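# Working through the structure, step by step
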Amino acid sequence: MPVSTIRLGPIALLAATIAVLAVGCAQPKGPRASANLTGTITYREHIPLPPDARVEVQLVDATDENAPSPLVAERLIDEPGQVPIAFSLSYDPASIRANHTYALRVRIRVDPDIWFASPFDVRVLTAGNPAQVELQLERVSASGAIVPAASSRGTDPDPPDLDLRAKSARDDARAIDSRLDRFDMREVTDGPERTGFEPRRLRLWVRDDQPVKLTVTGASQAGRTATASSYYFRDGQLFWVRTPSSGYLFEGGALTLSLDAHLRPTSNAQTEQAQLQTELRSALAEFGVE
């Protein structure tokens, strides 16, 4: 049987071409790429979690401080066990904008109550912030308010005869603490971990690439309260340092007042200035800050 040859006119040929392209476009696309935020969750209190506990990990867009933060991704962990709790949160990297600010918010809920929550937003992903974090939650009261850890509650009041310059610096430091959630937080774990010991931990809060607060928690045996020092900055310049045994006031980059554990003036300010500044430069260098 002879083979028939079919010739298509220009219009028919164009219609056939469009049909072929449409079939090609209709092919199913591959799975969307995803990325992960990872970390661990813990808290100070020796409170075991019941079996019906749930961990809520949220990634939010915190760019606009004056508006609710849109939810980017969420992970719910049922029956998480006991702390430390490891988590991995998947998100769509195509939804992340380099000029936006992103943060993690974490809660541990035992329905209907929230037992623990992150005291401030932990900045992640953009502006040099990490994709792996360690989160220490705070206890939440029945009214829904964050309860300061027992180790920090009421342990550092102002004495009645406190130097007015130191009082002003401490008031400024408290104001910084009250709005830490507005700043980018970075964390470094420094030094080898040994069985039964917690490593040295450094946390730095920055605004416009300038330091606002630095905390240095020394290595300690697990289960014991580690000693911590806090450094506060105004316009990127150090003005107040508080350690468990001392307080230091800086003005114009110079140490002008040294105080003991009870915030009474001492006479060894000049001998301690070089050591403090060396330790501070070393800690900031961990974050690439000069």
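Up top is the structure these notes are about.
The present account deals with the structure reproduced in this document. As the structure is a computational prediction, the values presented were derived from the model and not from experiment. (Residues numbered from 1 in each chain as written. Predicted model: local features only at pLDDT ≥ 70, side-chain atom pairs only at ≥ 80, totals over all residues. Heavy atoms only, no water.)

## Things to note about the overall build of the chain
Put simply, the rule is: Helix and strand assignments come from DSSP, with helices taken as H or I runs of at least 4 residues and strands as E runs of at least 2, each series counted from the N terminus. Note on classification: 1.4 Å probe, protein chains only; a residue is buried when its accessible area is under 20% of the maximum for its type, exposed when over 50%, partly exposed between these limits. Two residues qualify as a contact provided that any one of their heavy atoms is within 4.5 Å of a heavy atom in the partner residue.
Assigned secondary structure in the chain consists of three helices and 19 strands. By the burial criterion, 36% of the 290 residues in the chain qualify as buried. By sequence separation, contacts in the chain at least 24 residues apart represent 50% of the contacts at least 6 residues apart.

## Quick notes on empty space enclosed by the protein
The condition is simple: Cavities and pockets were defined on a 1 Å grid built over protein atoms only: a cavity is a set of grid points that admits a 1.4 Å probe from which the probe cannot escape, a pocket is an open set flanked by protein on both sides within 12 Å along at least five of seven lines, and lining residues are those with an atom within 4 Å of any such point. Grid points are joined across faces, edges and corners, and a volume is the space filled by probe spheres set on the points. Amino acid classes used here: Ala, Val, Leu, Ile, Met, Phe, Trp, Tyr, Cys and Pro are nonpolar; Asp, Glu, Lys and Arg are charged; the rest, including Gly, are polar.
Enumeration over the complete set of coordinates arrives at one cavity of 30 Å³ or more. Its volume calculated, the largest cavity comes out at about 60 Å³. Considering the residues around the largest cavity, the lining is formed by Ser118, Pro119, Phe120, Val122, Glu134, Leu135, Gln136, Leu137, Met185 and Arg203. Here the element with the most residues in the lining of the largest cavity is strand 8 (residues 132–140); it accounts for four residues. Tallied by class, the residues present in the lining of the largest cavity amount to six nonpolar, two polar and two charged.

## Some details on the pattern of salt bridges
Here is the rule: Each salt bridge in this description consists of a side-chain nitrogen of Lys or Arg and a carboxyl oxygen of Asp or Glu lying within 4 Å of one another.
Evaluation of the coordinates by the stated rule reveals 13 salt bridges. Two residues, Glu56 and Arg109, come together in a salt bridge whose shortest N-O distance is 2.8 Å. Taken together, the residues span a long stretch of sequence, with Glu56 in strand 2 (residues 54–61) and Arg109 in strand 5 (residues 102–110) at a distance of 53 residues. Residue Glu56 is classed as buried on the basis of its relative accessible area of 8%.

## What to know about the layout of surface pockets
Of the voids in this model, the second largest pocket is the one considered here, and its volume is about 290 Å³. Every residue lining the second largest pocket is counted, 18 residues in all, and those nearest its centre are Glu65, Thr101, Arg123, Arg182 and Asp184. Of the residues contributing to the lining of the second largest pocket, the split by class is five nonpolar, six polar and seven charged.

## A closer look at unusual backbone geometry
A negative phi holds for most residues other than glycine; trans holds for most peptide bonds. Each neighbour pair has its own omega, and for Val83 with Pro84 the value is 0°, a cis peptide bond. Unlike most non-glycine residues, Glu79 shows phi in positive territory, near 50°. With respect to the element layout, Glu79 can be found in the loop between strand 3 (71–78) and strand 4 (85–91). With a phi angle near 55°, Asp208 is a residue other than glycine that sits in the positive phi range. Mapped onto the elements, Asp208 comes out in the loop between strand 12 (200–207) and strand 13 (210–217).

## Comments concerning the pairing of strand 18 (residues 254–259)
How we decide: Any two strands with at least two DSSP-identified bridges between them are counted as paired.
Across five bridges, strand 17 (residues 247–251) lies against strand 18 in antiparallel orientation. Paired with Leu249 across the two strands is Leu257, which belongs to strand 18. Taken together, the two bridges between strand 18 and strand 19 (residues 265–266) define a ladder with antiparallel strand orientation. Its bridge partner lying in strand 19, Ser258 is registered against Thr266. Two successive antiparallel strands, strand 18 and strand 19, enclose a turn made up of five residues, where Leu263 displays a positive phi of approximately 60°.

## With respect to the side chain of Arg203
Mapped onto the elements, Arg203 comes out in strand 12. Once you skip the residues sitting within four places of it in the chain, Arg203 turns out to touch Phe120, Glu134, Gln136, Met185, Arg186, Glu187, Lys213, Leu214, Thr215 and Phe287.

## Some points on the environment of Ala94
Here Ala94 shows up in the loop between strand 4 and strand 5. On the basis of relative accessibility, which here comes to 69%, the residue Ala94 falls in the exposed class.

## Regarding the pairing of strand 15 (residues 228–234)
Here strand 15 lies mainly inside the structure; five of its seven residues are buried. Taken together, the five bridges between strand 13 and strand 15 define a ladder with antiparallel strand orientation. Within strand 15, the position partnered with Val216 by the bridge is Ser229. Inspection of the sheet shows strand 15 paired to strand 16 (residues 237–242) by five bridges, in the antiparallel sense. Each bridged residue has a counterpart across the sheet, and for Ser230 the counterpart in strand 16 is Arg242.

## A look at helix 2 (residues 164–178)
Convention followed: Helix span, expected: 1.5 Å multiplied by one less than the number of residues in the helix. This arc corresponds to the set of directions leading from the helix axis out to the C-beta atoms. Pairing of N or O atoms within 3.5 Å defines a polar contact, subject to two protein rules: one partner must be a possible hydrogen donor and the other a possible acceptor, and residues neighboring in sequence count only if both atoms are side-chain atoms.
Between its first and last C-alpha, helix 2 extends 21 Å over 15 residues, near the 21 Å set by a 1.5 Å rise per residue. Taken together, the buried positions of helix 2 are Ala166, Ala169, Arg170, Ala173 and Ile176. Along the axis of helix 2, the buried positions cluster into a sector of 115°, meaning they face one direction only. Projecting away from the buried face of helix 2 at angles above 90 degrees are the exposed residues Leu164 and Ser178. Measuring from the side-chain oxygen of the N-cap residue of helix 2 to the backbone nitrogen of Arg165 gives 2.7 Å; that N-cap residue is Asp163.

## Digging into the packing of aromatic side chains
Given two aromatic rings, their pairing is described by the distance between the two centres and the angle made by the two planes. Here is the rule we go by: A pair of Phe, Tyr and Trp rings is counted when the ring centres sit within 6.5 Å of each other, with Trp represented by its six-membered ring. The angle between the planes then sorts it: under 30 degrees is stacked, over 60 is edge-to-face, the rest tilted. Put simply, a charge is over a ring when the Lys NZ or the Arg CZ is close to the ring centre, within 6 Å, and near the line of the ring normal, within 35 degrees.
Taken as a whole and assessed by the stated rule, the structure comprises two aromatic pairs. Considering the side-chain rings of Tyr43 and Phe116, the 3.8 Å spacing of their centres and the 10° angle between planes classify their relative orientation as stacked. Here Tyr43 is found in strand 1 (residues 35–43), whereas its partner Phe116 is found in strand 6 (residues 113–117), with 73 residues between them in sequence. Note on Phe116: relative accessible area 0%, which makes it buried. Pairing Tyr232 with Phe239 gives two aromatic rings, centres 6.5 Å apart and planes at 45°, and the pair type is tilted. With respect to class, Tyr232 is no different from Phe239; both count as buried. The side chain of Arg139 reaches across the aromatic face of Trp115, ending 5.4 Å from its centre.

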